[in-house]
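Examining the three-dimensional arrangement
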Amino acid sequence: MNLKIYRRFLPLLILALLLGSCKKYLAIEPKGVQLLKTVQDYDLWLNDLEVTGNLPEAINLLADNIDLTNIDLPLDAVNERVFTWQAQFAEDQFAGEAVIWKDFYREIYYYNTLINKIDEATEGTEDQKKSLKAEALLGRSFCYLYLVNLYGKVFNEGTAASDLSVPFVTSHDLNDPTPPRKSVKEIYDR
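Along each chain, numbering runs from 1 in the same order as the chain's sequence is written. This being a predicted model, a pLDDT of at least 70 is required before a residue's local features are given, and a value of 80 or more before pairs of side-chain atoms are given or counted; all residues contribute to the totals for chains, interfaces and linings. As a convention, hydrogens and water are excluded, and side-chain values are obtained from all of the structure's heavy atoms.

1. Let's talk about the nonpolar core
- Core analysis: the biggest nonpolar cluster contains 30 residues, and Tyr42, Tyr105, Leu114, Leu132, Tyr144 and Leu147 have the highest contact counts within it.
- Numbered from the N terminus, helices here are DSSP runs of H or I no shorter than four residues, and strands are runs of E no shorter than two. Breaking this core down by element, the ones donating at least two residues are helix 2 (39-46), helix 4 (99-117), helix 5 (126-151) and helix 6 (184-189).
- In this description, contact between two residues means that some pair of their heavy atoms is separated by no more than 4.5 Å. Apart from residues no more than four positions distant in its own chain, Leu147 is found in contact with Trp101, Phe104, Tyr105, Ile108, Gly152 and Val166. Here, the term nonpolar core denotes a set of buried Ala, Val, Leu, Ile, Met, Phe, Trp, Tyr and Cys residues that are joined through side-chain atoms within 4.5 Å. A simple rule labels every residue: compare its accessible area, found with a 1.4 Å probe on the protein chains alone, to the largest value its type can have, and call it buried under 20%, exposed over 50%, or partly exposed in between.

Listed below in structure tokens is the structure:
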């Protein structure tokens, strides 16, 4: 009888010990990483040009004054695909990416993080929090203005409500499902 008890409860005891140690491990703050805690942390993070505020470099390839003279078929490089207004992805999933889409949604992620979490920040006034939130809302709107114009149809008042554009993401949790595409009108209304 004792052997049966040990066989049943020993794995449960080991599992309980392992799960108990997870909290202690997850409570440790990483070294060398600035966590967003104070209003000043959010302000510095929002104004870091590596995080937000840069237009994707590939947008310059869509201009009239740029010329790539050595383009060979098939279009292998992302810059060649952008320059010729082709789909920005390659058939090989490791060879290409939707570079402009990716860069704007990366910025939107940062803006959404600030918008959703700034109220929990410490050491700042409500006016500072509102100001940072307004700055993030403006930055997110700027990103969506580019996205709707690059990936949606041109705004036409008669069809804007039914013309699909891009997903409007408001979450900062990467595990949340991507929302469905919104209409051009919905993006402009935002």
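2. A look at the packing of aromatic side chains
- Aromatic contacts are taken between Phe, Tyr and Trp rings whose centres are within 6.5 Å, Trp giving its six-membered ring; a plane angle under 30 degrees counts as stacked, one over 60 as edge-to-face, and the others as tilted. Scanning the model with the defined rule gives nine aromatic pairs in all.
- Aromatic pair Trp45 and Tyr110: ring centres 5.2 Å apart, planes at 85 degrees, arrangement edge-to-face. Within this pair, whereas Trp45 is found in helix 2, its partner Tyr110 is found in helix 4, the two being separated by 65 residues in sequence. One exposure class covers both Trp45 and Tyr110, and it is buried.
- Ring geometry for Phe142 against Tyr146: centres 5.1 Å apart, planes inclined by 75 degrees, an arrangement best described as edge-to-face. Here the residue Phe142 and the residue Tyr146 both occupy positions in helix 5, the gap between them amounting to four residues, near one helical turn.
- A residue is classified by how much of its surface remains accessible, and Tyr146, at 27% relative accessible area, is partly exposed.

3. Considering helix 2
- For helix 2, the set of buried residues is Val39, Asp41, Tyr42, Trp45 and Leu46. Here the buried residues of helix 2 occupy an arc of 160 degrees about the axis, which is enough to place them on one side. Set apart from the buried face of helix 2 by more than 90 degrees, the exposed residues are Gln40 and Leu44.
- At its buried positions, helix 2 is contacted by helix 4 and helix 5. This arc is built from the directions going out from the helix axis to the C-beta atoms.

4. Focus: unusual backbone geometry
- One non-glycine residue, Glu123, lies in positive phi territory at about 55 degrees.
- Along the chain, Glu123 turns up in the loop between helix 4 and helix 5.
- On the basis of relative accessibility, which here comes to 70%, the residue Glu123 falls in the exposed class.

5. What about the side chain of Asp163?
- Relative to the elements of secondary structure, Asp163 occurs in the loop between helix 5 and strand 1 (164-167).
- In this structure, Asp163 is buried with no salt-bridge partner, the nearest side chain bearing the opposite charge being Lys153 at 4.1 Å.
- Polar contact is defined as a pair of N or O atoms within 3.5 Å, subject to the rule that within protein one atom must be able to donate a hydrogen and the other to accept it, and that residues adjacent in sequence are counted only when both atoms are side-chain atoms. A distance of 2.8 Å separates the side chain of Asp163 from the side chain of Thr159, its partner in a polar contact.
- The contacts of Asp163, once residues within four sequence positions are left out, are Lys153, Lys182, Ser183 and Val184. Here the positive residues are Lys and Arg and the negative ones are Asp and Glu; neither His nor the chain ends is included. Here, a salt bridge means any Lys or Arg side-chain nitrogen found within 4 Å of an Asp or Glu carboxyl oxygen.

6. Regarding the side chain of Thr38
- The topology assignment puts Thr38 in the loop between helix 1 (2-26) and helix 2.
- With a relative accessible area of 12%, Thr38 lands in the buried category.
- Beyond its immediate chain neighbours, meaning those up to four positions away, Thr38 contacts Ala121, Thr122 and Glu123.

7. Remarks on a nonpolar patch on the surface
- Like charges within 9 Å and nonpolar side chains (Val, Leu, Ile, Met, Phe, Trp, Tyr) within 5 Å are joined into patches, using only residues over 30% in relative accessible area that form no salt bridge. Surface exposure here means Shrake-Rupley accessible area, sampled with a 1.4 Å probe, where a residue is shielded only by the protein chains that are shown. A surface patch of nonpolar side chains, about 280 Å² in accessible area, is lined by Leu145, Phe155 and Tyr188.
- Mapped onto the elements of the fold, Phe155 is located in the loop between helix 5 and strand 1.
- For Phe155, a relative accessible area of 41% corresponds to the partly exposed category.

8. Here's the deal with the environment of Val169
- Structurally, Val169 can be placed in the loop between strand 1 and strand 2 (181-183).
- A C-alpha to C-alpha distance of 8.5 Å links Val169 and Tyr105, two positions 64 residues apart in sequence.
- Excluding residues within four positions of it along the chain, Val169 makes contact with Tyr105, Ile108, Asn112, Arg140, Tyr144 and Pro179.

The quantities given are spatial measurements derived from coordinates; they are silent on function.
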